[in-house]
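Take a look at the letters that make up each chain.
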Amino acid sequence: MNRRPTLWLLLSFALVLLLAFACQQFTGAEYFIDSSSCNGCGECIRICPNDAIYYNQSGKAEIDQTKCTHCANCVAICPNNAVY
Amino acid sequence: MLACALQAQNAFTLRSDAQMVIAQSHTGVAGLNRMSWEHHFGPDLDLSVSSTLNSNDRIIPTNVQKLWHNGLVDINYRGTDFTVHADYRNTVFGASQLLGLYPTWDPLTSQKRLMQHQGTIAAEFDADFLQLGGFASGKILRYTPYTLDLDTFELVRQDNANATDVYTGAVIKVPIIKGLATHVAMDYKSGTFADNGEYDLNKLNAGLNADYKILGNASVSASFDWTKRTGAAISNGKTNLLRSTLRLRHRFSNSLAGYLLYINNSCLNDRMKNLRLMANYLRAQVQYSFPSDPTGGSYLLVGGKYSPENKADAYFVEGDYKVREKIYAGGSLNLQPDWQALISARLSYYYTPVNELHLQYSHRQYTPWNNSSLDFGANYLGVGTSFHW
């Protein structure tokens, strides 16, 4: 195993864990979509009352944070549980 | 699943479902009809077209229309070291519920949605030492506005109007060493329907991605992204978005595979201070494919996601099993404690290896606090079929 990728990987882990434990103070909600779980079915785009979700260049749904009002309808409608 | 797996070839597929909806306050019908066609014009050029028509005789909490149609035309061209992609998607809304028209924009105006169009062009160039990408996308919502007349307190229909959003972006990715790459990206979004630029957004993004195989059957990837967001809709406290992602994938055997994903979204203010949490997301799922069914059509998937900040937890199980020759029995459970529970069962008869008929029952139960109408629970009983040529 090459040492340098392992080193970078460990540094990445450390950064992720650092952020996970450092950021305990919650600020207002913003919803996001896990693109690896989204199948591009478009249900969230149809259901969004504020027209705040669009397809990105990969054909996956993405939330336009300038228009989202955090109603969370997309959370319930997503068949793949990709909204968080 | 079997039919889906075979759609990867040049193919035309047709799927139809009809369901009887039995809810506390009414009994009605719902339907789905989907046609899709995929064609490969040689090794470099792919085309796919699909048309999906949905209908539901009643507006329920998660359906703000009774009728809607989704269309898609998607073209991909792959050159030696570049790819070009173009697509057009639309949704045509029928019998739409009256919706607010972006509350911060004009609280006295409501709208009924008519159509939504989106077109995207994207290209990527891949040299060994560098990857370049860019895209442009335009989305148009066509709607009928209704304005509240303050003298009569009646909604007055106005002429149809359009709301347009334009999204553009470019990215440069540079591999540093094997398994590690860095990228810089710029995105610009313009909401041209608002003259004051309230819906415009600039994003400058930089990050690192690490991807590495371990132990032969497992891989691990991690990424860290910083995005500076500038726009009137983004509060100062959320200007700098920090996203950290960690993913572990493992194939335990030929039949069993799974992954674990953790994403942390945090933010800093416009002065790069006050680190705050926005959302945690932890997801794990495992899929077991029954060796007794070599087509892969018999499987069991178990998973869950944990996202407490946005009340988006979910636990899910789904599976399908070949009980006899040509007959599959399956079902699913999707429990979202803060929203709803969905249970379904399905019996499929494959009269050819790719064509089937099925009976399906599902039940949706909204949680009491999400009970925004009488239809907080509904049973769906239906029949359907899918053809593949």
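If you're wondering where the values come from, they're calculated on a predicted model, not measured in any experiment. (Residues numbered from 1 in each chain as written. Chains lettered and ligands numbered in written order. Predicted model: local features only at pLDDT ≥ 70, side-chain atom pairs only at ≥ 80, totals over all residues. Heavy atoms only, no water.)

## Describing the interface of chain A and chain B
Inference 1: Listed as interface residues are 58 residues of chain A and, on the opposing side, 80 residues of chain B.
Inference 2: Note on chain A versus chain B: buried area summed over both sides is about 5700 Å², and carbon and sulfur give 59% of it.
Inference 3: Considering only the side of chain A, the residues that lose the most area to chain B are Arg46(A), Asn81(A) and Tyr84(A), jointly responsible for 14% of the buried surface there.
Inference 4: Run the count over chain A and chain B and you get five salt bridges.
Inference 5: One salt bridge connects Arg229(B) with Glu30(A), and the closest N-O pair in it is separated by 2.9 Å.
Inference 6: Counting the contacts that link chain A with chain B gives 26 residue pairs in polar contact (both at pLDDT 80 or more).
Inference 7: Of all elements in the fold, only α1 (3-22), α2 (43-47), β1 (53-55) and α3 (73-77) of chain A reach the threshold of two or more residues within the side of chain A that touches chain B.
Inference 8: Per-element tally for the side of chain A that touches chain B: the top contributor is α1(A), with twelve residues. (Contact = heavy atoms within 4.5 Å. Buried area = accessible area lost by both parts, 1.4 Å probe. Salt bridge = Lys/Arg side-chain N within 4 Å of Asp/Glu carboxyl O. Polar contact = N/O pair within 3.5 Å; in protein donor to acceptor, adjacent residues only side chain to side chain. Helix = DSSP H or I, 4+ residues; strand = E, 2+ residues; numbered from the N terminus.)

## Considerations on the packing of aromatic side chains
Inference 1: For the structure shown, the criterion picks out nine aromatic pairs over all chains.
Inference 2: Considering the side-chain rings of Tyr84(A) and Tyr281(B), the 4.2 Å spacing of their centres and the 20° angle between planes classify their relative orientation as stacked. You can see Tyr84(A) sitting in the segment after α3 and its partner Tyr281(B) sitting in strand β16 (residues 276-289), one on each of two chains. For the pair Tyr84(A) and Tyr281(B), one class covers both residues: buried.
Inference 3: With a centroid separation of 5.7 Å and 15° between ring planes, the pair formed by Phe387(B) and Trp389(B) is classed as stacked.
Inference 4: Here Phe387(B) falls in the partly exposed class, since its relative accessible area comes to 26%. (Phe/Tyr/Trp six-rings, centres within 6.5 Å; stacked < 30°, edge-to-face > 60°. Buried < 20%, exposed > 50% of the residue type's maximum accessible area, 1.4 Å probe, protein only.)

## Here we look at the pairing of strand β2 (residues 27-41) of chain B
Residues and elements named next belong to chain B.
Inference 1: Pairing analysis gives twelve bridges linking strand β1 (residues 11-23) to β2, with the strands arranged antiparallel. From the neighbouring strand, alanine 11 faces β2, where its bridge partner is glutamate 38.
Inference 2: The hairpin turn running from β1 into β2, its antiparallel successor, is three residues long.
Inference 3: In terms of strand pairing, β2 meets strand β3 (residues 45-56) through twelve bridges, oriented antiparallel. In the sheet register, histidine 39 faces β3, and the bridge partner there is leucine 47. (Pairing = 2+ DSSP bridges.)

## Some thoughts on the confidence of the model for chain A
Inference 1: Across chain A, the average pLDDT comes to 82, with 67% of residues at 70 or higher.
Inference 2: Within chain A, the element-level pLDDT minimum falls on α1(A), averaging 63, and the maximum on strand β2 (residues 61-63) of chain A, averaging 97. (pLDDT = per-residue confidence, 0-100.)

## Concerning the side chain of Arg247(B)
Inference 1: Position of Arg247(B) relative to the elements: it lies in strand β14 (residues 240-251).
Inference 2: It turns out Arg247(B) is buried and unbridged, and the closest side chain with the opposite charge, Asp34(A), is 4.4 Å from it. (Lys, Arg positive; Asp, Glu negative; His and termini not counted.)

## Here we look at the nonpolar core
Inference 1: Ranked by size, the top nonpolar core spans 23 residues in total, and within it Ile33(A), Cys44(A), Ile53(A), Val75(A) and Val83(A) carry the most contacts.
Inference 2: Listed by contribution, the elements that provide at least two residues to this core are α2, β1, β2 and α3 of chain A.
Inference 3: The biggest single contributor to this core is α3(A), with four residues.
Inference 4: Not counting residues up to four positions away in its chain, the partners in contact with Ile33(A) are Cys38(A), Cys44(A), Ile53(A), Ala61(A), Glu62(A), Ile63(A), Ala82(A), Val83(A) and Tyr84(A).
Inference 5: With ten residues, the next largest nonpolar core counts Tyr84(A), Tyr259(B), Ile263(B) and Tyr281(B) among its residues. (Core = buried A, V, L, I, M, F, W, Y, C linked by side-chain atoms within 4.5 Å.)

## Remarks on a nonpolar patch on the surface
Inference 1: The grouping of Tyr288(B), Leu300(B), Val302(B), Tyr315(B), Val317(B), Leu333(B), Leu335(B) and Ile343(B) at the surface amounts to a nonpolar patch, some 620 Å² of accessible area in total.
Inference 2: Secondary structure elements with two or more residues in the nonpolar patch: β17 (299-306), β18 (314-324) and β19 (327-336) of chain B. (Patch = residues over 30% accessible without salt bridge, like charges linked within 9 Å, V, L, I, M, F, W, Y side chains within 5 Å. Areas by Shrake-Rupley, 256 points an atom, 1.4 Å probe, with all protein chains shown as cover.)

## Some details on the pattern of salt bridges
Inference 1: Applying the stated criterion to the full structure yields 13 salt bridges over all chains.
Inference 2: One salt bridge connects Asp87(B) with Arg89(B), and the closest N-O pair in it is separated by 3.8 Å.
Inference 3: We note a salt bridge from Glu325(B) to Lys322(B), for which the minimum N-O separation is 3.9 Å.
Inference 4: Classification of Glu325(B) by relative accessible area gives exposed; the value is 60%.
Inference 5: On the basis of relative accessible area, Lys322(B) is assigned to the partly exposed category, the value being 28%.
Inference 6: Residues joined by salt bridges that share partners form a network here, namely Asp51(A), Asp64(A), Lys67(A), Lys139(B), Asp165(B) and Lys189(B).

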